[in-house]
Amino acid sequence: MKAHCPREALLSACQLASVAVPSRDVKPVLRNLKAIAKADGCTLLATDLELGVRLEVRSIKVDEPGEALLPAGRLVAILRETTDEELTLETTNETSVIRGAANEFEMPGEDPAEFPDIPTFADDKHHEISAGALREMIRRTAFAAAKESTRYSMTGVLWEFEDKVARLIATDGRRLAVASGPATDNGGGDTKGQTHVVPTKSMALLERVLQDDDQVVRVCLKPNEALFKTDRATIYTRLVEGRYPNYKEVFPKKTTVKVPLTVGPFLSAVRQAAIMTDEESKRVIFEFAKKKLTLKARGAESGRSKVELPLDYDGKDVTINFDAHYVSDMLRVLPADAALTLELVDGSTPALFKHGTDYSYVVMPLT
Amino acid sequence: MPRILQLPTSVITKIAAGEVIERPSSVVKELLENSVDAGSTCIDVEVEQGGTEVIRVVDNGCGIHADDLLLAFASHATSKLSSADDLFRIGTMGFRGEALASIGGVAQVTLQSRPADRTCGAEIGSNGGELSAIRPWNGAPGTRIEVRHLFFNTPVRRKFLKTMPTEMGHVSEAVTRLALSHPQLQLNLRHNGKRVYEVPASAPLVDRIGLFFGADLKKQLYELDVQAGPLRLHGWIADPAAERGSAKMQYLFVNGRWVRDRSLGHALQEAYRGLLMTGRYAVAFLFLDLPPDQVDVNIHPTKSEVRFRDSHAAYHLVLTAVRERLRKENLTAQLRVSTLGIPQMPNGTAPWSLSPSPAPAPLLPLSAPAAAAIPGPVRNAESAVLPAWEQPASEQASTDSSDRLEMEPRSLTEESAPAPWISDPKVLQLYDSYLVVETPEGMLVIDQHALHERILFEHLKQRIGTGDLEIQRLLIPEPVDLSAEQAARTLEHRGALAELGLEVDDFGGGTLLLTSYPAILGHRSPQGILKAVVDHLVTQERPPTREVLLNDLLSLMACHAAVRAGDRLTADQISALVAQRSLANDTHHCPHGRPTTLLFSKHDLDRQFRRV
């Protein structure tokens, strides 16, 4: 194949695709990106067998169609370090050559047929969500998934479609985030009674390819895998196996305290108070009183902090302690001027943060 | 003015019983001792609800003559003693004739017995002291005693009983003591129909110790047998590495009777001085045999204390015998230190295993990914060190080193403050594992992992000591799969675990639900933490105290956080580590009791090179 590539565009596409390149060489061929050049453009493929991506790079001018394997790490390095506007890529079965005005990089070629195929989005039954809404939903949930857990299902994000509503759920057992948004059902049907847990790595890649807010994302959930398709990209991912905990049960049934909050000032107060927490004492004490919230923290060596925040609250006094991270993680993904309600029973039962009707976050206190 | 009245018999028996029978385990102890005195070779003990409901002791001893059954429940009636002089030649476990009378006074007892030479036995019942008529009973030769509803007529006493697991703990302790002191005896203990212990008659003492306290401890034991005049001290003492957080694992038997003796306990601790960290206790199973007229056992209602005619001799014997025995073991270790420089554990455990004590060792595979890193580099480091060092072993050096022994690491342990550092100590890192430091006293070899671990441990402990424990509750309880026995054991210690922030619920079928964990251990998986603690619980002979558990968890954390053997340190890291050495209270041992530092005195080096 032979093609003229605008450097910047190819770089950002390669960086995106590299997310799916495995960091350890279980199978050396997977350390490559596969480029498929056709007359109307070029498609980049990358996979670690769990997660695969097809990215279309349209601005590439193809002189001679063909396929090639290019080592992902080196390719990104070349594109990053060179300064040319445009680079020429020329590959044969033996070598791949990238040329700029004053540079030339030659790499040994590999047989493109060795690269595993990545499933394409067949015109299956699927759901549609707007990219902007989905990106926001991912941002608001993915952080809450477990980094590592003996219950593997919690290391991913649960997807649900029900009555034209898409719902993402993530938890690490200490806190749980649920975000929902409107969806169109194109024959995908309700997912009630099924479990579709997408690994967080795939969620992160999906979030990155959702650039244009108005775009439509097509989602196809199958028993063991899922496919996502935007205009430019198709993402294939295997699902995390295992039973997902019944997340509906963790929501407090009846809350007796409702505190209205605004994200910006609340986050600022939490972060200030958290300055004095440390590895051994993570506790931030939240004292809700009439018209006032007082946050306190005391570290073993660091010292103590006290931050006050005026509140529009007239209920009874309540004190609850949280690991500040669990609160600020959530506040960070919301817009600063967003209104938030905190619903509580007491200092030892789960607390529920609600933003509008489509975002809830339950967090367990420290005692 | 109140007048003086003779108390009614019913009150007298209750008062007397109160001294001897304190809890179900006292009943078990008394009945077992009776069985032993009856010459039994096999005793079955069965208890229900920790002994508060039923205690059944069945033996194959000589039995009781039908005509004596009435007397058996009478106070001060016994077959073991006839005159006051006998009191000073006591060869039996009991002698006062009070046990059965006391038990009969506070419980519903059925006593069935048949002497082996009789064709038919007899039975009698005592309901709170009221005796039933004697009836014939047709059973196997021996005695069968069933004690039901202990303290049914003394509700106050009943109220003071602890929880079932606690009382059961005391019962098994009573059985343990008897089983240790009578190695020829077959003993079976069942609780609520489940087997607790089955000790075959063929098991010698050391196997019994292994049975009761774990095979790991058994491997760490040194046998001891010393005769001094009429006194003989024998038994097993454990390597200092098997140290515990309390003195409960120090078993002392005088003429086959378990006793508590502060003075001898002190002698034992003294013998271990310098080998244990402060606040840690040695493990020992010591038997002191002396002529019956040399010891008075009749000074305590439960005979758990004795008085020696020559208490100084006993003290001296324990101190010197144990110390000599330990020295024999340490001799080899110290010799190797002085000639080869191998920081070898006396008991031969792998120098880097997580802990020489049985408990945390099996944790390794469970704990966070960090743990997985240990075996790899560690083994390499070890194998890299050993061959290189073993070469220079010289026989000559090992022969004339006896006077030098005292100058080895022990001299260091006895210093309360570390040696003052010369302004800019020269430090060298060897094998990415050891630091060699020049001090005015001599050459100091530091195990970087052990020292760092110790420093972190002290640090963490201090923090925890000052603040309260933060507990993170789980929104979604974490199921933890254990064996049924582990699960049951864990549930028994629910209270202690909750204090540590680990709250568990039964989920059935060996699965527990973990609902909270201590936040300070947040970077480890809650399940890993619980499993670590469970392993500890299962290998322990009794519920560990909060302090012990916490200590174990902390040392585990410190171990994972510390620099490892095989980590290359920068010059800054090395000097920081060496400088912090003085900050920790007890820097010469890591939290597991391994030495962190060895001193090779300059004098010693000079001598080896024949400069002096």
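Residues numbered from 1 in each chain as written. Chains lettered and ligands numbered in written order. Predicted model: local features only at pLDDT ≥ 70, side-chain atom pairs only at ≥ 80, totals over all residues. Heavy atoms only, no water.

A.B. asks: Explain the overall build of chain A to me, and be specific about the residues and the numbers.
C.D. replies: When helices and strands are counted, chain A shows 6 helices and 26 strands. Residues classed as buried in chain A amount to 54% of the 367 residues present. Here the contacts in chain A between residues at least 6 apart in sequence split such that 66% fall between residues at least 24 apart. Surface summary for chain A: the accessible area is close to 16700 Å², and the carbon and sulfur share equals 48%. (Helix = DSSP H or I, 4+ residues; strand = E, 2+ residues; numbered from the N terminus. Buried < 20%, exposed > 50% of the residue type's maximum accessible area, 1.4 Å probe, protein only. Contact = heavy atoms within 4.5 Å. Areas by Shrake-Rupley, 256 points an atom, 1.4 Å probe, with all protein chains shown as cover.)

A.B. asks: Explain the overall build of chain B to me, and be specific about the residues and the numbers.
C.D. replies: What chain B contains, in helices and strands, is 21 helices and 23 strands. Each of the 612 residues in chain B was classed as buried or not, and the buried ones make up 52%. At a minimum sequence separation of 6, the contacts of chain B that also span at least 24 residues come to 70%. For chain B, the accessible area works out to roughly 27700 Å², and carbon and sulfur atoms hold 54% of it.

A.B. asks: Outline the nonpolar core, listing residues and values.
C.D. replies: Core analysis: the biggest nonpolar cluster contains 119 residues, and Trp-159, Phe-266, Phe-286, Phe-288 and Phe-353 of chain A have the highest contact counts within it. Once residues lying within four places of it in the same chain are set aside, the contact partners of Phe-288 of chain A are Val-259, Leu-293, Leu-311, Tyr-313, Lys-316, Asp-317, Val-318, Ile-320, Leu-342 and Leu-344 of chain A. Membership of the second largest hydrophobic core comes to 59 residues, among which are Leu-32, Ile-103, Ile-124 and Ala-238 of chain B. (Core = buried A, V, L, I, M, F, W, Y, C linked by side-chain atoms within 4.5 Å.)

A.B. asks: Please provide a residue-by-residue account of the interface of chain B and chain A, values included.
C.D. replies: Interface size is commonly expressed as the accessible surface area that is lost when the partners come together. With 23 residues of chain B at the contact, the number on the chain A side is 27 residues. Summed over both partners, the interface of chain B with chain A buries about 2200 Å², with 49% contributed by carbon and sulfur atoms. Where chain B touches chain A, the interface holds 1 salt bridge. Among the ionic pairs, Glu-478 of chain B bridges to Arg-151 of chain A, the shortest N-O distance being 3.6 Å. At the junction of chain B and chain A, the tally comes to 8 residue pairs in polar contact (both at pLDDT 80 or more). (Buried area = accessible area lost by both parts, 1.4 Å probe. Salt bridge = Lys/Arg side-chain N within 4 Å of Asp/Glu carboxyl O. Polar contact = N/O pair within 3.5 Å; in protein donor to acceptor, adjacent residues only side chain to side chain.)

A.B. asks: Break down the sheet that holds strand 9 (residues 104-108) of chain A for me, citing the residues and quoting the values.
C.D. replies: Residue and element names in this part refer to chain A. Spatially, the 5 strands line up as an open sheet ordered 5-1-7-8-9, and their pairing is antiparallel. This sheet does not close on itself; its edge strands, each paired only once, are strand 5 (61-64) and strand 9. Going across the sheet, the axis of each strand differs from the next one's by a mean of 15°, ignoring polarity. Two elements, strand 7 (residues 86-91) and strand 8 (residues 95-99), share 4 bridges in a ladder whose sense is antiparallel. (Pairing = 2+ DSSP bridges. Axes fitted to C-alpha atoms, helices over the stretch in contact; angles between N-to-C directions.)

A.B. asks: Tell me what's going on with the sheet that holds strand 10 (residues 221-228) of chain B, and back it up with residues and numbers.
C.D. replies: All names here are of chain B. An order of 10-11-14-12-13 is seen for the 5 strands of this open sheet, with the pairing classed as mixed. Of all strands in the sheet, those bounded by a partner on one side alone are strand 10 and strand 13 (257-259). Averaged over all pairs of adjacent strands, the angle between their axes in this sheet comes to 20°, without regard to strand direction. Both strand 12 (residues 250-254) and strand 14 (residues 284-289) contribute to a ladder of 5 bridges, which runs parallel. Across the sheet, the residue bridging to Leu-252 is Leu-286, located in strand 14. Strands in contact with helix 6 (residues 164-181) are strand 12, strand 13 and strand 14; relative to strand 12, the strand with the most contacts, it is inclined by about 55°.

A.B. asks: Before we move on, could you go through the confidence of the model for chain B and cite the residues and values that matter?
C.D. replies: Residues and elements named next belong to chain B. With 76% of its residues at a pLDDT of 70 or more, chain B shows a mean pLDDT of 75. Note that residues 331-423 has pLDDT below 50 and, in this model, 137 contacts with residues that lie over four places away or in other chains. Scored as a complex, the prediction yields pTM 0.54 and ipTM 0.76. (pLDDT = per-residue confidence, 0-100.)

A.B. asks: Hey, could you go over the pattern of salt bridges for me, with residue numbers and the actual values?
C.D. replies: Residue and element names in this part refer to chain B. The final tally for this structure, using the stated rule, is 40 salt bridges over all chains. Arg-177 is the partner of Glu-173 in a salt bridge, and the nearest nitrogen-oxygen pair spans 3.1 Å. Here Glu-173 pairs with Arg-177, and both are found in helix 6, just 4 residues apart, close to one helical turn. You can call Glu-173 buried: its relative accessible area is 12%. For Arg-177, a relative accessible area of 25% gives the class partly exposed.

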